[in-house]
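So the chains spell out like this:
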Amino acid sequence: MSEQVIEMTSRPGVQADELPLNLKIGMAVVIAWVLLAVLAPWVTPADPNALDLDNVLQPPGAAGLMGTDQVGRDVFTRVVFAARIDLWIGFAGVVLPLLIGVTAGLFSGYFGGAADALLMRVVDITLAFPFFVLVLAIVAALGPGVGNLIIALALVGWVSYARLVRAEVMVIRNAEYIQAVRTLGFNRFYILFRHVMPNAMAPVIVYAMTDMLLVILAGAGLGFIGLGVQPPTAEWGAMIADGQPYIEEAWWISLFPGLAAISFGIGLSLIGDGLARMLRVSN
Amino acid sequence: MTRAYWLLQRLTQLLPVLLGISVICFALLQMIPGDPARIILGSRASPEAVAAMRDRLGLDQPALQQYLTYMSKVIRGDFGESISYKVPVSKLILEHAPVTGFLAVYVIALAVPIALILGMLAARYRGTWVDHLIRMLSVLGMTMPVFWLAILMLRLFSIDLGWFPVSGYGQGFLGHLHHLFLPAVSISIWMIPVLVRNLRASIVQQSVADYVLAGRAKGLTERHIFTHHILKNASLPTLNLFGVLVAYLIGGTVIVELVYALPGLGLLMFNAILGRDYPIIQGLTLFYALATVVITLVTDILSGLIDPRVKA
């Protein structure tokens, strides 16, 4: 592990102390959220689903850092536990489409032919739908729940990765170093995964950060509509919806889950900008 | 190559996309786990009622046959019939579309001028505090859940200050403008940053082009170079981006209509999902996709008209 780090950091341009500032801050924010989510039961004062009907709609202060909701649940505790669901949606909703899309884009861009033409049509067709509407319609058909939401995100999201990787591969496959390894007689799958893929990944990684922001917002949107995680489990979007009828007397129920989503989103956005600068990719 | 030929080519490229859209919308009904008729009617429905519903939805026919029936109906403008409202889906869509259309145009009218100004400011003063401030506000705007912002603005401007109505569409053009102001602002705050970012990037990219140097050598003022040359060249990528953004704009309207109880397509979609009215969900998804395709086509044609290089 430490050897790997030394090798990484000794490469010119990627010195650890030269990491862009926004990347460092972004990583700190995201890591803090991951830790909060993992350690949720130990850093929160209450049970996220415990009702306390003597303490409903209490403002932030004595009754808790972020107050209590309409059935007396502690808002701070629920915001932290909700991170487990929202971060999971963000992670799975990006990694699955990324894996499918990168694989499809690699083969399509490198080998071309009829499969490539077909893939590009599928990409065009999927991108013709508004992202949120198609995800919404698929979840409406499959039924509510986080699992179905992630399936819908994978079905819709992979095309962007496929298009991105394909465009990169089309350029790389004609590069001199690829011609060189081809002349040396290496297996074409070896060339594809060992030489083409690593060079095609930079824009994918940068895009994945922006995509995760979109995915988390879409996930929270579906939670808000009631198609995401089912009650009483806490999720930022669903919590905002819970607070909507009480917005007049208890603004804190909706405010804090939104701030949580914003802070995590800012972290992702900073990482995206920092990576774009470090990897010299236009974002 | 003539302009008419270019247009014709662009239109024929659309055919496979339209076909694919219809396949996906058709497949939505096939994705429902279990028997859609049973899910629509609920577990207490009689076997006869379920059989009648299966017959009505054509579920007993082979999938290909079902698709061809669906396709031939859609071509004739028949999007099926709503189960709960018992009227054609196309009629419901036409009834609800004006609200969403008004909202979308409103968002564009608000967002584009502001984005132009902010994008130009950020590019002109890049590296200064103006640029940094605009960038920070952009990040904030992009990360805010649009429905969260909508609820908070509702509380502040409608309930506390009483400036705007809490919900509804209003009467007459001015009434619509008044009622839809907060919904339009909610979506704009999300959309402006994306436009600003791209406009700034393309202005910065254009400002190092050779023609800028040539203009300076010719003794043109910086102001003239910026307004007559850089801005014109930078507007094209932004126009293209706009086509892409429309898809996101439509997605944004769905959820904002829900918060402000606007009787648009988004609310129709939401109620259909609650009532498991699959023909409406299917018809609306198709309509949303067709609308996006048409708008993208129009922006394509517009940029073709503006930029003589596109049709070459």
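Rules of the game
- Residues numbered from 1 in each chain as written.
- Chains lettered and ligands numbered in written order.
- Predicted model: local features only at pLDDT ≥ 70, side-chain atom pairs only at ≥ 80, totals over all residues.
- Heavy atoms only, no water.
- Phe/Tyr/Trp six-rings, centres within 6.5 Å; stacked < 30°, edge-to-face > 60°.
- Buried < 20%, exposed > 50% of the residue type's maximum accessible area, 1.4 Å probe, protein only.
- Contact = heavy atoms within 4.5 Å.
- Buried area = accessible area lost by both parts, 1.4 Å probe.
- Salt bridge = Lys/Arg side-chain N within 4 Å of Asp/Glu carboxyl O.
- Helix = DSSP H or I, 4+ residues; strand = E, 2+ residues; numbered from the N terminus.
- Nonpolar A, V, L, I, M, F, W, Y, C, P; charged D, E, K, R; others polar.
- Core = buried A, V, L, I, M, F, W, Y, C linked by side-chain atoms within 4.5 Å.

Novice: Explanation requested: the packing of aromatic side chains in the structure shown.
Specialist: Two numbers describe a pair of aromatic rings. These are the distance of the centres and the angle of the planes. All names here are of chain A. Across all of its chains, the model carries 20 aromatic pairs over all chains by this definition. With centroids separated by 5.4 Å and ring planes inclined at 80°, the aromatic side chains of W251 and W252 adopt a geometry described as edge-to-face. Exposure remark for W252: the relative accessible area of 5% places this residue in the buried category.

Novice: Please explain the interface of chain B and chain A as it appears in this structure.
Specialist: How big an interface is tends to be stated in terms of the accessible area lost upon association of its parts. Listed by partner, the interface residues are 42 residues for chain B and 42 residues for chain A. Both faces combined, the contact of chain B with chain A buries some 3,800 Å², and carbon together with sulfur accounts for 81% of it. The closest approach of N and O atoms between A:D273 and B:R197, which form a salt bridge, is 3.2 Å. Where the side of chain B that touches chain A is concerned, the elements lending two or more residues are helix 2 (14–31), helix 7 (129–143), helix 8 (146–160), helix 10 (181–206), helix 12 (222–259), helix 13 (265–274) and helix 14 (278–306) of chain B. Residues that form the side of chain B that touches chain A fall into these classes: 35 nonpolar, five polar and two charged.

Novice: What's the story with the nonpolar core in this structure? I'm lost.
Specialist: Across soluble globular proteins, nonpolar side chains show a tendency to be buried alongside one another. Residues A:V79, A:V135, A:L136, A:V196, A:W236, B:I21 and B:Y260 are the most contacted members of the largest nonpolar core, which totals 181 residues. With 21 residues, the top contributor of residues to this core is helix 9 (residues 188–225) of chain A. Other than its neighbours up to four places away in sequence, B:I21 contacts A:I125, A:A128, A:F129, B:L286, B:A289 and B:V293. Ranked by size, the runner-up nonpolar core spans eight residues in total, among them B:L199, B:I225, B:F226 and B:A234.

Novice: Explanation requested: the pattern of salt bridges in the structure shown.
Specialist: Should the charged atoms of two oppositely charged side chains come close, the side chains can pair. Residues and elements named next belong to chain B. As enumerated under the stated definition, the model contains 14 salt bridges over all chains in all. K91 serves as the salt-bridge partner of E95, at 3.2 Å between the closest nitrogen and oxygen. Of this pair, E95 and K91 both sit in helix 6 (residues 89–124), four residues apart, which is roughly one turn of the helix. Among the ionic pairs, R155 bridges to D160, the shortest N-O distance being 3.2 Å. Judged by its relative accessible area of 17%, R155 falls in the buried class.

Shape is all these values report; function is a separate question.
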